[in-house]
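Given next are the chains, with one letter for each unit.
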Amino acid sequence: MLKLAGALLNKPEVLQRAARMTGASPLIKGAAKVADKGGSELLRSSLPGAAITTGLGTLTTGNPIAGLAIGAADLGMSFGGARALGGTQLAGKYRSYADPKQVAKALETGEMISPLDLKRVYEPSLAQSGAMLAGSIAAPIVLEPAFLQMQQQQLAASQNVTQAQQLGQQEMINRMYMPPDTADGTLYQVQGLPQRVM
């Protein structure tokens, strides 16, 4: 599974070839479809934002599971939104670049740089970058209140238990020092007051 994830992120062309082989598993075919048309680069671009929201979600809620849920939601929304735009006119483009060593060599020798030697990089469009940003902002806004509300309910329940214990202890202390001839529920002594009988 980790090898498949590594191929999805680093070598999508290898994944594409593996998916075209006869007898390829549906998992590999699905991963190749996701990695196609800049999908692996979009996933790689979505990971830092998801990692940050995971850390911040863990810090704000105090719950690592909540942080992981927020990070997973961020990754799903960021990557899913950017990937959905990948099939439209708002998709990013592949660009080819020469690294500085190739340029320096070409300038020294006067030879052309072969198109096969150029590094091919996917650049997400502005709309795809916006979708990734929106996913990173929306995931914590939607999920953190739910986790914080659960925390507050647990805190309120524990405070109610503590308060009930303190009230019970106070009542026991009051009964210890209370003379037996007081009015019910009060500390007023009834000794010496005339009884009125009808």
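Just above, that's the structure.
Residues numbered from 1 in each chain as written. Predicted model: local features only at pLDDT ≥ 70, side-chain atom pairs only at ≥ 80, totals over all residues. Heavy atoms only, no water.

## Looking at the overall build of the chain
Step number 1: Scanning the chain from terminus to terminus reveals 7 helices and 2 strands.
Step number 2: Listed N to C, the secondary structure of the chain is α-α-α-α-α-β-α-β-α in terms of helices and strands.
Step number 3: Expressed as a percentage of contacts within the chain between residues at least 6 apart in sequence, the contacts between residues at least 24 apart total 66%.
Step number 4: Approximately 14300 Å² of the chain is accessible, and the part contributed by carbon and sulfur atoms is 63%. (Helix = DSSP H or I, 4+ residues; strand = E, 2+ residues; numbered from the N terminus. Contact = heavy atoms within 4.5 Å. Areas by Shrake-Rupley, 256 points an atom, 1.4 Å probe, with all protein chains shown as cover.)

## Overview of a nonpolar patch on the surface
Step number 1: A cluster of nonpolar side chains, contributed by L133, I137, I141 and V142, occupies part of the molecular surface with about 400 Å² of accessible area.
Step number 2: Tracing the backbone shows I141 in helix α7 (residues 126-177). (Patch = residues over 30% accessible without salt bridge, like charges linked within 9 Å, V, L, I, M, F, W, Y side chains within 5 Å. Salt bridge = Lys/Arg side-chain N within 4 Å of Asp/Glu carboxyl O.)

## Structural notes on the environment of P64
Step number 1: Tracing the chain through its elements places P64 in helix α5 (residues 64-85).
Step number 2: For the pair P64 and T54, spaced 10 residues apart in sequence, the C-alpha to C-alpha distance is 8.2 Å.

## Section: α5
Step number 1: The end-to-end C-alpha separation of α5 is 31 Å, in line with the 32 Å expected for 22 residues at 1.5 Å each.
Step number 2: Of all the positions in α5, only A66, G67, I70, G71, A73, D74, S78, F79, A82, R83 and L85 are classed as buried.
Step number 3: Taking the backbone nitrogen of I65 as reference, a side-chain oxygen 3.1 Å away marks N63 as the first, capping residue of α5. (Expected span 1.5 Å × (residues − 1). Buried < 20%, exposed > 50% of the residue type's maximum accessible area, 1.4 Å probe, protein only. Polar contact = N/O pair within 3.5 Å; in protein donor to acceptor, adjacent residues only side chain to side chain.)

None of this, on its own, says anything about what the molecule does.
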